[in-house]
Amino acid sequence: MSVTSLGVGSGLDLESLVKNMVSVQRDTKVAAYNDKVKDFQAEVSAYGTIKSALESFEDAVEKLSDESLFTGRTATTTQPESGDIVSVTSDSSSSNGSYNISVSQLAQGSRSVSAAGSFSTPDDVVTAVGGDMTFTAGSETFTINVAADTTLSELREQINDASDNFGVSANLVDNGNGDVYLTLNSDVTGTGNDLAVSNTDASLDSLSSVATGAGPAGLSIAAGSEALDAIIEVDGITINSTSNTFEGAVSGLTIKALAKSQDDGTGNPETAKTTVDFDTNTVKETLESFIESYNALLTKFDSYTATGAVLNGSSLIRGLESSLNADLMTTFSDSGALSSIFDLGIEMDDNSFLSLDTTKFDEAMDESYDDVATLFSAENGLASIMEDYLSNFTGSGGLLKDMSTSSQDSVDKTKDQLENYEYRMDLYEQQLRDKFTTLDGLLASMSSNGNYLITQLSNLNNS
């Protein structure tokens, strides 16, 4: 409202009077509106927090419903005393069992070296006319065009920088006796995949393993520098691979050779022992996550429904908590030795919070692993039952979203009511100011007339 000078004419404190009259009408009602807004906003926040906790629990339930959780396998490898020689991973197609693995040979790529006396410095020109050089190893190949007057050092850089180089590394080695050698290392492994270098001009024969001219080729692969297979033995069966990774050699296992086995002291190679079994650790971690999420959800329920809390008395939350508790109590007739989750080692205290007896869990996993899978992930298992129920509350069309939206609508409606009330109070204040402005003027006029009459009477008396 605009600032006025109420009371100037009459000398009365009309400004304070107006403010007090407006305050009597406004303050209590505005405070009530603001309290309602805060309450509805607290409901929105509470429903959002519970929805988030419920979705986290739903994620944990979904993981327990995944059949692949219970078909997983884990490979545990005990290495020899000399160090790690293999790494082994498994997938769900692998069978439980133990394997003794030794490494006879690691895979390697080939190494080619130019002939002695071919070059004396890195600045030697390798060709006066130029030509193409093609590098091939197994199914890999690339070609470079060598310009006339290219030096040995420039050729090295050109090979290494070729955009389609599949893994050939060129280096120069100076023996200190006047000879510089070009060495080519290929990372293409596997027996029969030696690096071959051909050319289109005889001037490049000294740098090739296949000569174009009548003379010999200059590059050669020394004994022991050939490309080799990796060789391992699994339970006495020899297996070859063009790389150090063996996939499918043993069904469901991927074996990677890391180092050659040393002699065990009896003339035999050291072995690593790999044991494949059900991946019980992942099942255990998933179940612990389920329990943790459920307990967190109960904590939220308790927090928001306690005496004086924002959702105290909410039938929706009470019904949700009661139904989840009933689901956990479900007994099953088709899960073998396990009729409920409590046979698996899950325990519930007087406040419905869950915990896991790991000893009982380990026993159940050892004795009834398939029944554990049935209990949770079967079509009518616990996870399926809970997923169906939870879907009514979560997601964009769930009941919790509807409740949150309803509370937000109440926030918006109450704010509109408050805004309308504030507008009416502004009108009320203006009406008061208009009335008191008129009154102030009348009082000022009466005071002026009274003073005039007193003056006139005084003059008459003097006369």
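Residues numbered from 1 in each chain as written. Predicted model: local features only at pLDDT ≥ 70, side-chain atom pairs only at ≥ 80, totals over all residues. Heavy atoms only, no water.

Draft legend 1. Summary view of the sheet that holds strand β3 (residues 97-105). In spatial order, the strands read β1-β15-β3-β11-β12; together these five strands make up an open sheet with antiparallel pairing. On the outer flanks of this sheet lie β1 (73-78) and β12 (237-241), each paired with one strand and no other. Averaged over all neighbouring strand pairs, the angle between strand axes comes to 30°, with direction disregarded. Note that β3 and strand β15 (residues 272-278) share five bridges and pair antiparallel. Paired with S98 across the strands is T275, a residue of β15. (Pairing = 2+ DSSP bridges. Helix = DSSP H or I, 4+ residues; strand = E, 2+ residues; numbered from the N terminus. Axes fitted to C-alpha atoms, helices over the stretch in contact; angles between N-to-C directions.)

Draft legend 2. Just the packing of helix α1 (residues 14-65) against helix α5 (residues 315-328), in detail. The interhelical angle for the contact between α1 and α5, taken along N-to-C directions, is 15°, at an axis separation of 13 Å. Regarding the angle of α1 to α5, the classification is roughly parallel. Relative to α5, the crossing made by α1 is left-handed. Along the contact surface, α1 presents Y47, I50, L54 and F57, while α5 presents L316, I317, L320 and L324. A per-class count over the contact of α1 with α5 returns eight nonpolar, no polar and no charged. (Parallel < 35°, antiparallel > 145°, perpendicular 65-115°, else oblique. Left-handed = near helix turned anticlockwise from the far one by under 90°. Contact = heavy atoms within 4.5 Å. Nonpolar A, V, L, I, M, F, W, Y, C, P; charged D, E, K, R; others polar.)

Draft legend 3. View of the packing of aromatic side chains. The final tally for this structure, using the stated rule, is eight aromatic pairs. The interplanar angle of 10° and the centroid separation of 4.8 Å between the aromatic rings of F135 and F142 together place this pair among those described as stacked. Ring geometry for F278 versus Y369: centroids 3.9 Å apart, planes at 10°, classification stacked. Taken as a pair, F278 in strand β15 and Y369 in helix α7 (residues 369-377) lie far apart in primary sequence, 91 residues in all. In this structure F278 comes out as partly exposed when scored by relative accessible area, which is 22%. Residue Y369 is classed as buried on the basis of its relative accessible area of 5%. Joined through ring pairs, the aromatic side chains of F57, F290 and Y294 make up one cluster. (Phe/Tyr/Trp six-rings, centres within 6.5 Å; stacked < 30°, edge-to-face > 60°. Buried < 20%, exposed > 50% of the residue type's maximum accessible area, 1.4 Å probe, protein only.)

Draft legend 4. Inspection of the nonpolar core at higher detail. With 48 residues, the main nonpolar core has F57, L287, F290, L324 and F376 as its most contacted residues. For this core, the secondary structure elements donating two or more residues are α1, α2 (68-71), α4 (280-305), α5, β17 (354-356), α6 (358-367), α7 and α8 (382-390). Beyond its immediate stretch of four places on either side in the chain, F57 contacts F290, S293, Y294, L297, L324, M386 and L390. Of all hydrophobic cores here, the second largest spans 24 residues; its members include F135, V180, V188 and L207. (Core = buried A, V, L, I, M, F, W, Y, C linked by side-chain atoms within 4.5 Å.)

Draft legend 5. Quick look at the pattern of salt bridges. For the structure shown, the criterion picks out six salt bridges. With a shortest N-O distance of 3.5 Å, R26 and D27 are connected by a salt bridge. Residue D27 is classed as partly exposed on the basis of its relative accessible area of 37%. For E429, the salt bridge identified is with R433, shortest N-O distance 3.3 Å. Highlighted residues: E429 and R433, both in helix α9 (residues 399-462), separated by four residues, approximately one helical turn. Each of the two residues, E429 as well as R433, counts as buried. (Salt bridge = Lys/Arg side-chain N within 4 Å of Asp/Glu carboxyl O.)

Draft legend 6. Structural context of the sheet that holds strand β2 (residues 86-90). Strand order in this open sheet of three strands is β2-β14-β13, and the pairing throughout is antiparallel. Only two strands of the sheet have a single partner each, and these edge strands are β2 and β13 (245-247). Strand-to-strand twist of the sheet, defined as the mean angle between neighbouring strand axes without regard to direction, takes the value 15°. Both β2 and strand β14 (residues 253-257) contribute to a ladder of five bridges, which runs antiparallel. Paired with V86 across the two strands is A257, which belongs to β14.

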